[in-house]
Structure formats: C-alpha cells, structure tokens
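# Structural characterization, general
Spelled out, the chains give:
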Amino acid sequence: MADAKVIPFDDDRSRARRRPPAPGGGDAAVRALPTQQSPAQAPADPAAASGGWERRLAGGLAFLRRRVTGDYEVDEFGYDQELTDQVLMSLLRPVYEKYFRVEVKGVENIPKDGGALVVSNHSGALPLDGLMMQVAVHDHHPAGRHLRLLAADLVFMLPVVNELARKAGHTLACSEDAERLLRAGEIVGVMPEGFKGLGKPFAERYKLQRFGRGGFVSTALRAGVPIVPCSIVGAEEIYPMLGNAKTLARVLGLPYFPVTPTFPWLGPMGALPLPTKWTIQFGEPIPTDGYPLEAAEDPMLMFNLTDQVREQIQHTLYKLLVQRRSVFF
C-alpha cells in the first residue's frame, strides 16, 4: 500500500518536540473543509434522487480506492481531514444528534478565520464531551471550521485509540504543538481541568477544578489569538461517578477507575452512557493580541486571564443549569 501524502506547513521550522511520530514524517498544513450539502437541499424528484445515490456510490468507491492506494493527504500531526469528514464525523453525528440531542449556542463567537483557542470544562468519566464539541464546531460553524483537540498522553498510548485520535486531528497537549497549530490559523480546543475534571465525583458536578498553571493563556498570548470560553452541560451525568477504585486504577495504569450505579456491576452494558440532554455554549472571545510579546512571561497576567476564563465558564454553567428543564429533556 502506498504512503499517504503529507502537506507541508512551512519548511524552515524545527520539529524537535515531544509527540508521537506522524505518518509520512514531513511538515503539513490543514486543508479547508468543503461545504456539505444539507438534507433540505436534496433533490425532490425520483430521477434526481437516483442520480444522487449514484453520485454518492461513485464517491464512496472513489474514497475506498484512495484509502487502498494511499492517495490521500495527512498533515504533520497525522490529521486526515477526508477520513474525519466522511467517516469519523458520520459515526459521531448520530450520538450527537439523536442520543445526547446537543443544543449549540454561540458558535458564531469562534472566529470565521484565523486561529483561536477554545477552552472548555471537562467531565463525564470518559472524554465524550471533547468529541461532541468537535462535532458542534464541525457541523454548526458558519465558516465550516474544524476543531483540533489537545489530548492527554494516555490517549496516544492506547492501541487503536491512538490512531483514531491522530486521524481526527487531535495532538499531544503541549504548548509547542498548540502554538504551532494556532499560528497556522487553526481552532484549537483545550480542557485545562484534565483528569481532575473527568474523574471528579458526582457530588462535585459542575464545580470547576483547578485550571493548571495557566499554560493555555501563555500559549494564546504568544500566538496572539483570542480565547473562546466554552461551557458544556449534560456530560456530568452520563456516568455518575459514585466512587473511584484507586487500587485497580494503579494496577491498570489509569488516573482513576470510575464506579457508577451501573459500572462495573452490569459489565459492558454498564459502560453505556446515560442519554442526557446536552447544551454546548461558546462564550464571547477574550482577545490577547493587544498585549506585548513579553506578556506571555508575566505570571500575574496569566493568573488574571486564567481566572477570567474560568469564572466565565463557571458562571455560564450555573446559568445553563438554571435554564434547563431536566437532565434528560
């Protein structure tokens, strides 16, 4: 099988950084997402519909041929836009639309061009909130933008998950990779709570954990891109975490091992998330391009901006919780 092509980002930048090797070994840039036809635009008459099916079949066969022959493109991080658009988003979309019934607000606050750093709360025992946020941007942003998520080291240590995450545009959560993507004009998503947010007990739901040392603020300042706070309601209840089997977590090399009302008692069935109703709201962007270059090294400024982002997310979470009628409806 032939190797996929790698699209150059720029030729003069060093690539000595801490991340798993990408396929192809070259520098790469991300292509723009082609506008997708909405269901309302489908042809109405049977002949046209038949022609539509023939085009889709031909497109599917062409897609398979490109995958088999290696005639497709990835960027230096391993991001495969065609596979993401045609396959991965199609698999996630029914979960997004039918199971969690996600409602999106304020997606227009994400810039229509140029880089931006989306900062969100994190919860739910498994990182489904990041995937749903990725679908929200992919399907609802007026300019058809893509969200590149920063993921923990553990993601890139798991077989299969590692490759899928890389293909979907995720990269290691380090400032060098994030800044490189932001300077290239990408929308980058980060969840500063990390495992502290994912693995917090159900009794502490919607109470934001510590946002680290403000590294995401420093990255945004160096890249000169706005910070877009994002609040997600609904993910906290998909796996109500009543306990943490710490000994088992250490044995398995995991940051925590959740104990919920259904898991591990019901086995694989207990791993099915509860069908909660989600709301994802993107807040007003916080600009960073007005600060001098040395601002990224100012600890007090980073503390103040980190606190501002955290407070905005927390306030929006409380507001959304007051507005929602039910956890499931």
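Data block above holds the structure.
Counting restarts for each chain, with residues numbered from 1 along the sequence as it is written. Only residues with pLDDT of 70 or above have their local features reported here, since the model is predicted, and side-chain atom pairs are shown and tallied only from 80 upward, although totals for entire chains, interfaces and linings are computed over all residues. Here the side-chain values reflect all heavy atoms present in the structure, with hydrogen atoms and water set aside.

## Comments concerning the overall build of the protein
Helix and strand counts for the protein come out as nine helices and 11 strands. Buried residues are those whose accessible area, probed at 1.4 Å on protein chains only, stays under 20% of the maximum for their type, while exposed residues exceed 50% and partly exposed ones sit between those limits. Relative to its full complement of 329 residues, the protein shows a buried share of 47%. By definition, residues are in contact when any of their heavy atoms lie within 4.5 Å. Long-range pairs, those at least 24 residues apart, make up 77% of the contacts in the protein with a sequence separation of at least 6. Values of accessible area rely on a 1.4 Å probe in the Shrake-Rupley scheme; residue burial ignores everything except the protein chains shown. Carbon and sulfur atoms provide 60% of the accessible area of the protein, an area that totals close to 16,700 Å². Numbered from the N terminus, helices here are DSSP runs of H or I no shorter than four residues, and strands are runs of E no shorter than two.

## Quick notes on a nonpolar patch on the surface
Like charges within 9 Å and nonpolar side chains (Val, Leu, Ile, Met, Phe, Trp, Tyr) within 5 Å are joined into patches, using only residues over 30% in relative accessible area that form no salt bridge. Here, a salt bridge means any Lys or Arg side-chain nitrogen found within 4 Å of an Asp or Glu carboxyl oxygen. On the surface, Leu248, Val251, Leu252 and Leu254 cluster together into a nonpolar patch covering about 350 Å² of accessible area. Residue Val251 is classed as exposed on the basis of its relative accessible area, which comes to 65%.

## So, the side chain of Ser123
Residue placement: Ser123 occurs in the loop between strand 4 (116-120) and helix 3 (128-140). The residues touching Ser123, leaving out its near neighbours within four places in the chain, are Asp129, Gly197, Leu198, Lys200, Ala235 and Glu236.

## With respect to helix 3
Each residue after the first adds 1.5 Å to the expected span of a helix. For helix 3, built from 13 residues, the straight-helix expectation of 18 Å at 1.5 Å per residue is met to within 8% by its first-to-last C-alpha distance of 18 Å. Every buried residue of helix 3 is accounted for by Asp129, Gly130, Met132, Met133, Gln134, Val135, Ala136, Val137 and His138. Residues of helix 3 that are buried in the fold lie against helix 2 (81-99), strand 3 (103-105), strand 4, strand 5 (147-151), strand 8 (227-233) and strand 11 (279-282).

## Section: the packing of aromatic side chains
Ring geometry is summarised as follows: Phe, Tyr and Trp rings, the Trp one being its six-membered ring, pair when their centres sit within 6.5 Å, and such pairs are stacked at plane angles under 30 degrees, edge-to-face over 60 and tilted between the two. Under the definition given, this model contains five aromatic pairs. Summarising the aromatic geometry, the rings of Tyr99 and Phe100 are spaced 5.2 Å apart at their centres and angled 75 degrees between planes, so their arrangement reads as edge-to-face. Of the residues examined, Tyr99 reaches a relative accessible area of 26% and is grouped as partly exposed. Since its relative accessible area comes to 1%, Phe100 is described here as buried. Ring-pair connections join several aromatic residues into one group, and the members of that group are Tyr99, Phe100 and Trp278. The positively charged end of Arg205 is found above the aromatic ring belonging to Phe202, 4.1 Å away from the centroid. Any Lys NZ or Arg CZ that is within 6 Å of a ring centre and within 35 degrees of that ring's normal is treated as a charge sitting over the ring.

## Some remarks on empty space enclosed by the protein
Put simply, the grid is 1 Å and covers the protein atoms alone, a cavity is a trapped set of points that fit a 1.4 Å probe, a pocket is an open set with protein on both sides within 12 Å along at least five of seven lines, and lining residues have an atom within 4 Å of a point. Grid points are joined across faces, edges and corners, and a volume is the space filled by probe spheres set on the points. Scanning the entire structure with this criterion turns up three cavities of 30 Å³ or more. The computed volume of the largest cavity comes to approximately 70 Å³. Along its surface, the largest cavity is lined by Ser123, Gly124, Ala125, Gly197, Leu198, Lys200, Pro201, Phe202, Arg205, Glu236, Tyr239 and Met241. Classification convention: Asp, Glu, Lys, Arg as charged; Ala, Val, Leu, Ile, Met, Phe, Trp, Tyr, Cys, Pro as nonpolar; all other residues, Gly among them, as polar. Split into classes, the residues belonging to the lining of the largest cavity amount to six nonpolar, three polar and three charged.

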